[in-house]
Amino acid sequence: MSPLVRRASYDGFAQIVLDRPDKRNALNAEMLTELVATLRECEADPAVRAIVISGSGRGFAAGADIGALASANPIELFTSGFSENWDQVAAMTKPLIAAISSYALGGGLELALICDIIVADQTALFGLPEAAIGTIPGAGGTQRLVRVVGKSMAMEMILAGRRLTAEEARRFGLVSSVTSDGQNVQDLAFEIAARIARAAPLATKIAKAAVLASFETPLSAGIQYERSLSALIAASEDRSEGMRAFAAKAQPNFTGR
Ligand code: COA
């Protein structure tokens, strides 16, 4: 069987393309397993400092594979590891950028919500339409979407199938940037990935962990956590290198140590 996920390497970052265009990149178990395996390769590769995830053909991903869901029995669904694979995506320590063109629906939006940054082109459409087919989001959508867009909009999207355009998604904070006229969303995502790749890799990894902790902890505990991480990174070679390079008006040479 041909791969359902492709990886491309660039200077300092990688791109992972969901590659099942004839099914609008609907995520089945094989594809999710391949995605996790490819993400792990990127995690282990010191040359990769950020990862862009995008879809091939028309759309990012139109959700979990409805045909596979319909034919699986509940015990198979519970024991297959499909759901746990989403946790593996969320466990990635390197920055993940979702580049959305056209549909990010259901599991497609849930995958984007796991990513750290979402950018979109003007054709992008975001939705969690599961209720229309008699189910509910199962990859964290009910929990992550509400933290981003707030209760009323999350409820409207989940209960009433409201879809957000790219511009609406930007206004609600779901998307950080939308392409300007004629710009390709991949290029926009690559610009951000390249900027992340130029920063100190240990700093981006630790900063990501600190920001994500804010979803799990009360403010005072989060601030304590940040303080500890800030003290920890003071011991890194990259911090010395960054400050040396600034004083010397030179480009830093970060090593991730
Ligand atoms: N799972 C499985 N197959 C899917 C899919 C999904 N989530 N989304 C799209 N496909 C398949 C279609 O069945 C169709 O396959 P076919 O050519 O063998 O019939 C193919 O992808 C193209 O989809 P189509 O509906 O013809 O394209 P479109 O451009 O008219 O519409 C969407 C695109 C995304 C609006 C529409 O496919 C859709 O609503 N998909 C389901 C979205 C959803 O409910 N997601 C949540 C799943 S839990």
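A brief look at the structure comes next.

What counts as what
Residues numbered from 1 in each chain as written. Predicted model: local features only at pLDDT ≥ 70, side-chain atom pairs only at ≥ 80, totals over all residues. Heavy atoms only, no water. Helix = DSSP H or I, 4+ residues; strand = E, 2+ residues; numbered from the N terminus. Rg over C-alpha atoms; globule rule 2.2 N^0.38 Å. Buried < 20%, exposed > 50% of the residue type's maximum accessible area, 1.4 Å probe, protein only. Contact = heavy atoms within 4.5 Å. Areas by Shrake-Rupley, 256 points an atom, 1.4 Å probe, with all protein chains shown as cover. Lys, Arg positive; Asp, Glu negative; His and termini not counted. Charge placed at Lys NZ, Arg CZ, Asp CG, Glu CD. Phe/Tyr/Trp six-rings, centres within 6.5 Å; stacked < 30°, edge-to-face > 60°. Pairing = 2+ DSSP bridges. Salt bridge = Lys/Arg side-chain N within 4 Å of Asp/Glu carboxyl O.

## Some details on the overall build of the protein
Alright, step 1. Along its length, the protein carries twelve helices and nine strands.
Alright, step 2. Relative to the 2.2 N^0.38 estimate, which gives 18 Å for 257 residues, the radius of gyration of the protein is 19 Å and therefore close to what a compact globule would have.
Alright, step 3. Dimensions along the principal axes, computed over C-alpha positions, put the protein at roughly 60 × 45 × 40 Å.
Alright, step 4. The buried share of the protein, reckoned over its 257 residues, is 41%.
Alright, step 5. For the protein, contacts bridging at least 24 residues in sequence account for 66% of all contacts bridging at least 6.
Alright, step 6. For the protein, the computed accessible surface area is about 13,200 Å², with 56% contributed by carbon and sulfur atoms.
Alright, step 7. One finds the centroid of the 25 positive side-chain charges in the protein at a distance of 5 Å from the centroid of its 27 negative side-chain charges.

## Observations concerning the packing of aromatic side chains
Alright, step 1. Tallied over the entire structure, the rule returns four aromatic pairs.
Alright, step 2. An aromatic cluster is defined as three or more aromatic residues linked by ring pairs; in this entry it consists of Tyr10, Phe13 and Phe190.

## Things to note about the pairing of strand 1 (residues 5-9)
Every regular strand shows the same layout, with side chains that alternate between the two sheet faces.
Alright, step 1. Summarising the sheet, strand 1 and strand 2 (residues 14-18) pair through five bridges and their orientation is antiparallel. Across the sheet, the residue bridging to Val5 is Leu18, located in strand 2.
Alright, step 2. Turn length for the strand 1-strand 2 hairpin, with the two strands adjacent in sequence and antiparallel, is four residues, and the turn residue Gly12 shows positive phi of about 95°.

## Side note on the pairing of strand 6 (residues 117-120)
Alright, step 1. The pairing of strand 4 (residues 96-100) with strand 6 spans four bridges and is parallel. The residue of strand 6 that forms the bridge with Ala98 is Ile118.
Alright, step 2. Bridge analysis of strand 6 against strand 9 (residues 177-178) gives two bridges, and the strand direction is parallel. Opposite Ala120, over in strand 9, you have Val178 as the bridge partner.

## Points about the pattern of salt bridges
Alright, step 1. Under the counting rule described, the total for this entry stands at ten salt bridges.
Alright, step 2. Between Arg20 and Asp65 there is a salt bridge, with the nearest N and O atoms lying 2.7 Å from each other. With Arg20 in the loop between strand 2 and helix 1 (29-44) and Asp65 in the loop between strand 3 (51-55) and helix 2 (66-71), this residue pair connects regions lying 45 residues apart in the sequence. Each of the two residues, Arg20 as well as Asp65, counts as buried.
Alright, step 3. We note a salt bridge from Glu167 to Arg170, for which the minimum N-O separation is 2.6 Å. Note that Glu167 and Arg170 are positioned in helix 8 (residues 166-171) at a spacing of three residues, about one turn of the helix.
Alright, step 4. Among the residues examined, Glu167 registers a relative accessible area of 35% and is labelled partly exposed.
Alright, step 5. Among the charged side chains, a salt-bridge network with shared partners connects Arg7, Glu41 and Asp45.

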